[in-house]
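# Chain and residue survey
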Amino acid sequence: MQTITTTDALAAYCARASDAPYVTVDTEFLRERTYFAQLCLVQLALPGSDDTDAVLVDPLADGISLDPLYELMAAPGVVKVFHAARQDLEIFHVDGGVVPTPLFDTQVAAMVCGFGDQVGYETLVRKIARAPLDKSSRFTDWSRRPLSDAQKIYALADVTYLRQIYESLVAQLERTGRTAWLEEELSSLTDASAYVVDPSEAWKRLKLRTNSGKTLAIAQELAAFREHYAQSRNVPRARVIKDDALIELASTKPRSLADLGKSRLLLRDARKGEIADGLIAAVQRGIDMPADKQPKMTEGRDRSALNSALADLLRVLLKAKAEEAGVAAKLIASSSDLDDIACGAHDGLWATGWRREVFGEDALRLLRGEIALSAEGERVRIVPV
């Protein structure tokens, strides 16, 4: 098992990898004690059937630069293969300023190929590679050195089996003509803006149950302060102030340390010093925000006209069409999407792309009363009306 600990060794490996059609990639990281994920290990493998060209890269080694790796991640001629890539991509974007592309995510590809919703890596190893996967090192503290042989074997397995899974899924996509479907699904993952947190938008993650403009303005300012503070000191958001305490302060509107001390939910460290001062200042900014600048809750679609029976029929149709096409139903539409459609939102979801091909036309025909559904045992058949 080769572990790369120097920039020169990494550059040599990446130079060889730049001539390969693809490279499989995985990362191990920690983020329980930090705002930004701490990259602890990178696993890479080139095409092959053994461990010869599979390596571990140690980002924590003294003096190592990951620049050759980031250059490889941006190389247009090499497909970067991940499983459930979002967190890995965020790390590469934050640490290296690059979103790996071209990208292949085997979890998304497996959904397109009919393996179900958000299928796990272990499942694909078992079904495609026909191998067991040792998960005994799953909860390893990857920042501790040295790594044991068992940890290294576990980490390498995340990229060695991935080669066979990738090649199998690519073949299935080409055979079924669904490569374009996958590319459509992956476009959101390769959008760099998805990995940039705008502090002014952070309040939208809160579970707020109010339409009060002033309360929302305070929540926006509090969430923005928390985001700035957590990022600048690289500490978890919850260590600054937890969501429930933030929502409490947006409601009680404390203007002084004495007011802040009355909070039932605020952590001890947030009742004094920089955090306390920042919270009080944020509350005041929210109070002072002009009415025309106050944020508003996004209005959900009016579902007063929801036809429950029609929504249920759409669910049955979706299940039938997904099974017929061999694609995960979740990729086509969510339960909320179906409720929107039953309320009259007939465009948007399938205006273009593969969803219309698989589901949209028959869904529209069902809405127009041109077809009906007939149950035959556990199967559903579409019949003309």
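Counting restarts for each chain: residues are numbered from 1 in the order of the written sequence. Whole-chain, interface and lining totals are the exception, using all residues; otherwise, since this is a predicted model, local features are given only for residues with pLDDT of at least 70 and side-chain atom pairs are given and counted only at 80 or more. Hydrogens and water molecules were not included; the side-chain quantities draw on all heavy atoms of the structure.

## A look at the overall build of the protein chain
- Scanning the protein chain from N- to C-terminus turns up 16 helices and eight strands.
- With respect to the principal axes defined by its C-alpha atoms, the protein chain has extents near 70 × 65 × 35 Å.
- Type-normalised accessible area, obtained with a 1.4 Å probe on protein chains alone, sets the label of each residue: buried when under 20%, exposed when over 50%, and partly exposed for intermediate values. Split into buried and exposed, the 385 residues of the protein chain put 46% on the buried side.
- Counted as positive: Lys and Arg. Counted as negative: Asp and Glu. His and the chain ends are not counted at all. Charge positions are represented by NZ for Lys, CZ for Arg, CG for Asp and CD for Glu. Across the protein chain, the 48 positively charged side chains and the 56 negatively charged ones have centroids separated by 6 Å. Working definition: helices are DSSP H or I runs of at least four residues, strands are E runs of at least two. Numbering for both runs from the N terminus.

## So, the layout of surface pockets
- The way it works is a 1 Å grid over only the protein atoms, where trapped points that fit a 1.4 Å probe form a cavity and open points with protein on both sides within 12 Å along at least five of seven lines form a pocket, and then any residue with an atom within 4 Å of a point lines it. Grid points are joined across faces, edges and corners, and a volume is the space filled by probe spheres set on the points. In this structure, the largest pocket spans a volume of roughly 700 Å³.
- Mapped onto the lining of the largest pocket, the elements with two or more residues apiece are β2 (22-30), α3 (86-96), α5 (121-129) and α6 (149-176).
- For the lining of the largest pocket, the residue count by class is ten nonpolar, four polar and ten charged.
- The space that makes up the second largest pocket amounts to roughly 320 Å³. Three categories are distinguished: nonpolar for Ala, Val, Leu, Ile, Met, Phe, Trp, Tyr, Cys and Pro, charged for Asp, Glu, Lys and Arg, and polar for the others, with Gly belonging to the last.

## With respect to helix α15 (residues 335-342)
- Listed as buried for α15 are Leu338, Asp339, Asp340, Ile341 and Ala342.
- Immediately downstream of α15, the backbone of Gly344 shows phi near 115°, a positive value.

## Quick notes on the nonpolar core
- Residues Leu44, Val57, Ile332 and Phe359 are the most contacted members of the largest nonpolar core, which totals 81 residues.
- The element best represented in this core is helix α13 (residues 308-325), accounting for seven residues.
- Once you skip the residues sitting within four places of it in the chain, Leu44 turns out to touch Tyr13, Val23, Thr24, Val25, Asp53, Ala54, Val55, Val57, Leu69 and Val159.
- Residues belong to a common nonpolar core when they are buried Ala, Val, Leu, Ile, Met, Phe, Trp, Tyr or Cys residues joined through side-chain atoms within 4.5 Å. In this structure, Leu208, Ala245, Leu266 and Val283 belong to the second largest nonpolar core, which totals 30 residues. A contact between two residues is defined here by any heavy atoms of the two lying within 4.5 Å.

## Considerations on helix α10 (residues 243-252)
- Here α10 has its buried residues at Ala245, Leu246, Glu248, Leu249 and Ala250.
- Elements that come into contact with the buried residues of α10 comprise α8 (213-233), α11 (257-260) and α12 (273-288).
- Of the residues flanking the end of α10, it is Lys253, one or two places downstream, whose phi is positive at about 55°.

## Quick word on the environment of Thr179
- Residue position: Thr179 is located in helix α7 (residues 179-186).
- Along the primary structure Thr179 and Leu169 are separated by ten residues, whereas in three dimensions their C-alpha atoms are 9.8 Å apart.
- Apart from residues no more than four positions distant in its own chain, Thr179 is found in contact with Leu173 and Glu174.

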